[in-house]
Amino acid sequence: MTKALDGVRILDFTHVQSGPTCTQLLAWFGADVIKVERPGVGDITRGQLQDIPKVDSLYFTMLNHNKRSITLDTKNPKGKEVLERMIKSCDVLVENFGPGVLDRMGFTWEKIQSLNPRMIVASIKGFGPGPYEDCKVYENVAQCTGGAASTTGFREGPPLVTGAQIGDSGTGLHLALGIVTALYQRTMTGKGQLVTCAMQDGVLNLCRVKLRDQQRLAHGPLKEYSQFGQNIPFGKAVPRAGNDSGGGQPGWILKCKGWETDPDAYIYFITQAPVWEKICDLIGKSEWKTDPEYATPPARLPKLKAIFDTIEQWTITKTKFEVMKLANERDIPCGPILSMAELAEDQSLRATGTVVEVDHPTRGKYLSVGNPIKLSASPAEVTRSPLLGEHTDEILGQVLGYTADEVAAIKAAGATTPPAKKAAAE
Ligand code: CAO
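So, here is what we can say about the structure in this document. Note that the structure is a prediction, hence the values are computed from the model and not measured.

## A closer look at the site of the ligand
Working step 1: In the vicinity of the ligand lie 23 residues, with Gln 17, Ser 18, Arg 38, Lys 136 and Val 137 positioned nearest.
Working step 2: The side chain of Arg 38 places a nitrogen or oxygen atom 2.5 Å from an oxygen atom of the ligand.
Working step 3: Between a nitrogen atom of the ligand and a main-chain N or O atom of Phe 97, the distance comes to 3.4 Å.
Working step 4: Coverage of the ligand by the protein chains reaches 85% of its 950 Å² of free accessible surface.
Working step 5: Residues of the shell around the ligand, tallied by class, amount to nine nonpolar, seven polar and seven charged.

Structure below.
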């Protein structure tokens, strides 16, 4: 079976998390992703958070499936020549270096265009043009500058970052969409283009509803936030809303049986208006169905905290899975708090390939998250990440067409080995 992006070749100049997330997705869709890594070190994450000494970390392996790896010193003159040939033979260059790095390497957008006018150059930076454009950025910086941290956590506590990597993986997802869109436009125009995603922008895009609430605040208190019913005044900016959904259907995280010892014995419970009467019956408060103080959504808004406290008196008598079953039998939306330990064992996620077991030559078997985007005509198979420089010869010879003598000359010039080795060789 062919894959959706068969025939698309990616020069993958990414590192850490944001860029590799993007190119991994493209590889799962069938693109030939060639990861260009610095000789001797490679992507810095290979050696970060190592759980097994001298073995590529899970950080690296879980973000670089289905790729090939070539080592190339792009500051070496011969290495630059090889990179030029790669640019000519690839469709997309993806990078997430610090600001200005690619230019300093000598590969400006203009230069790349002159080498290959069809090439799409896709970049992630921390910030777009503006006061912070020269700053390096990591995940939590993006969460803080993109509006997520100021709106996450409890009102009385400090801003909070979330475990979901919305800055890194979130921006990688945005970039992947930009790339396939540019590829589609190229089929019409024959021309490449620049695709840029700033992590701050990506996070703000995911916080769109909070900018919505910021503007609603100008017209009065946010009644869907439980602080409204608690008579706590709103300030100038959207507050941290704890576990409030803050949307049209109020929700909160409630304790379930075992919460005293199990930190994940909780459920997210939504009091969706169309099933309010079923909720009342389920929790033993049938009288709320006809009580005007509870019967309508506007009447309930000032009492959200008290209502959820009452529902919790019922959920606390059941396990989170019992609540899930009983509520969903009645069409009441809710979701148990699933720990990573539970997700790792979840058989339905294994069956769909969302959680996969991968074998690696030096690490052995490990679990990873597979492709969460399912294409019926282009199913993703997860294959292990490459060892550092594992495909250097194959790419120089088969992809770039260098003869054996030319490959030997490239190597002798130190283009594929660390500079120290080059010095020793000289
Ligand atoms: N051969 C030779 N040199 C190479 C090379 C290669 N194959 N690959 C990279 N390098 C060099 C670059 O030329 C650059 O050198 P100079 O600074 O001398 O020009 C250097 O390695 C890499 O620079 P960097 O700024 O990208 O790396 P860093 O570790 O200092 O910063 C990071 C890392 C992530 C903060 C920065 O890359 C960044 O801000 N990226 C954009 C935002 C981003 O994606 N952040 C997400 C990080 S987590 O996913």
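Next comes the rest of the description.
## Focus: the pattern of salt bridges
As a working rule, side chains carrying opposite charge can pair if their charged atoms are close by.
Working step 1: Counted under the stated rule, the structure contains 27 salt bridges.
Working step 2: With its nearest N and O atoms 3.1 Å apart, the salt bridge here joins Arg 9 to Asp 32. Of this pair, Arg 9 sits in strand β1 (residues 9–13) while Asp 32 sits in strand β2 (residues 32–37); the two residues are 23 residues apart in sequence, bridging distant segments of the chain.
Working step 3: In this structure, Arg 212 and Asp 213 form a salt bridge, with 2.9 Å as the shortest nitrogen-oxygen distance.

## A short note on the sheet that holds strand β8 (residues 266–270)
Working step 1: The three strands lie next to each other as β7-β8-β9, forming an open sheet whose pairing is antiparallel. Two strands lie at the open edges of the sheet, namely β7 (251–255) and β9 (334–336), each paired on one side alone. With direction set aside, neighbouring strand axes in the sheet form an average angle of 20°.
Working step 2: Pairing of β8 with β9 involves three bridges; the strand directions are antiparallel.

## Here's the deal with the environment of Phe 60
Working step 1: Tracing the backbone through its elements, the reader meets Phe 60 in helix α2 (residues 58–61).
Working step 2: Sequence spacing of Phe 60 and His 15 is 45 residues, and the spatial spacing of their C-alpha atoms is 9.1 Å.
Working step 3: Beyond its immediate chain neighbours, meaning those up to four positions away, Phe 60 contacts Lys 35, Glu 37, Asp 43, Thr 45, Arg 46, Ser 385 and Pro 386.

## Let's talk about the environment of Leu 102
Working step 1: One can find Leu 102 in helix α4 (residues 101–104).
Working step 2: What makes Leu 102 buried here is its relative accessible area of 8%.
Working step 3: Sequence spacing of Leu 102 and Gln 214 is 112 residues, and the spatial spacing of their C-alpha atoms is 38 Å.
Working step 4: The contact partners of Leu 102, leaving out residues within four places of it in the chain, are Phe 13, Leu 93, Glu 95, Phe 97, Phe 107, Thr 108 and Ile 112.

## What to know about the packing of aromatic side chains
Working step 1: Enumeration over the complete set of coordinates arrives at six aromatic pairs.
Working step 2: Ring geometry for Phe 13 versus Phe 97: centroids 4.9 Å apart, planes at 65°, classification edge-to-face. Here the residue Phe 13 occupies a position in strand β1, and Phe 97 occupies one in the loop between β4 (92–95) and α4, the gap between them amounting to 84 residues.
Working step 3: Under the relative-accessibility criterion, Phe 13 is labelled buried at 4%.
Working step 4: On the basis of an interplanar angle of 50° and a centroid distance of 5.1 Å, the ring pair of Phe 127 and Tyr 132 is categorised as tilted.
Working step 5: Each residue in the set Trp 276, Trp 288 and Tyr 294 is aromatic and connected to the rest through ring pairs, giving one cluster.
Working step 6: Above the plane of the ring of Trp 259 lies Lys 255, whose end atom (NZ or CZ) is 4.0 Å from the centre.

## Focus: a positive patch on the surface
Working step 1: A surface patch of positive charge is lined by Arg 38, Lys 75, Arg 104 and Lys 136.
Working step 2: For Lys 136, the location among the structural elements is in the loop between β5 (120–125) and α6 (139–145).

## Some details on helix α14 (residues 320–329)
Working step 1: When we look at burial in α14, the residues that qualify are Lys 320, Val 323 and Ala 327. Seen along its axis, α14 keeps its buried residues to an arc of 55°; they face one direction. Seen from the open side of α14, the exposed residues pointing more than 90 degrees away from its buried face are Lys 325 and Glu 329.
Working step 2: Buried residues belonging to α14 abut β8, α11 (276–282), α13 (304–315), β9 and α15 (340–345).
Working step 3: Immediately beyond the C-terminal end of α14, within one or two residues, lies Asp 331, with a positive phi of roughly 70°.

## Side note on the packing of helix α7 (residues 168–189) against helix α8 (residues 199–206)
Working step 1: For the pair α7 and α8, interaxial distance at closest approach is 9 Å and the crossing angle is 95°. Of the possible angle classes, the one that applies to α7 and α8 is roughly perpendicular. The residues of α8 that touch α7, namely those facing Asp 168, Thr 171 and His 174, are Met 199, Gly 202, Asn 205 and Leu 206.
Working step 2: Per-class residue counts for the contact of α7 with α8 are two nonpolar, four polar and one charged.

## A closer look at unusual backbone geometry
Working step 1: Phi is positive for Val 16, which is not a glycine, with a value near 60°.
Working step 2: Tracing the backbone through its elements, the reader meets Val 16 in the loop between β1 and α1 (18–28).
Working step 3: On the accessibility criterion, Val 16 (12% relative accessible area) is buried.
Working step 4: Non-glycine residue Asp 331 carries a positive phi angle of around 70°.
Working step 5: With respect to the secondary-structure elements, Asp 331 resides in the loop between α14 and β9.

The rules behind the values
Residues numbered from 1 in each chain as written. Predicted model: local features only at pLDDT ≥ 70, side-chain atom pairs only at ≥ 80, totals over all residues. Heavy atoms only, no water. Near = heavy atom within 4 Å. Polar contact = N/O pair within 3.5 Å; in protein donor to acceptor, adjacent residues only side chain to side chain. Areas by Shrake-Rupley, 256 points an atom, 1.4 Å probe, with all protein chains shown as cover. Nonpolar A, V, L, I, M, F, W, Y, C, P; charged D, E, K, R; others polar. Salt bridge = Lys/Arg side-chain N within 4 Å of Asp/Glu carboxyl O. Helix = DSSP H or I, 4+ residues; strand = E, 2+ residues; numbered from the N terminus. Pairing = 2+ DSSP bridges. Axes fitted to C-alpha atoms, helices over the stretch in contact; angles between N-to-C directions. Contact = heavy atoms within 4.5 Å. Buried < 20%, exposed > 50% of the residue type's maximum accessible area, 1.4 Å probe, protein only. Phe/Tyr/Trp six-rings, centres within 6.5 Å; stacked < 30°, edge-to-face > 60°. Lys NZ or Arg CZ within 6 Å of the ring centre and 35° of its normal. Patch = residues over 30% accessible without salt bridge, like charges linked within 9 Å, V, L, I, M, F, W, Y side chains within 5 Å. Lys, Arg positive; Asp, Glu negative; His and termini not counted. Charge placed at Lys NZ, Arg CZ, Asp CG, Glu CD. Arc of directions from axis to C-beta. Parallel < 35°, antiparallel > 145°, perpendicular 65-115°, else oblique.

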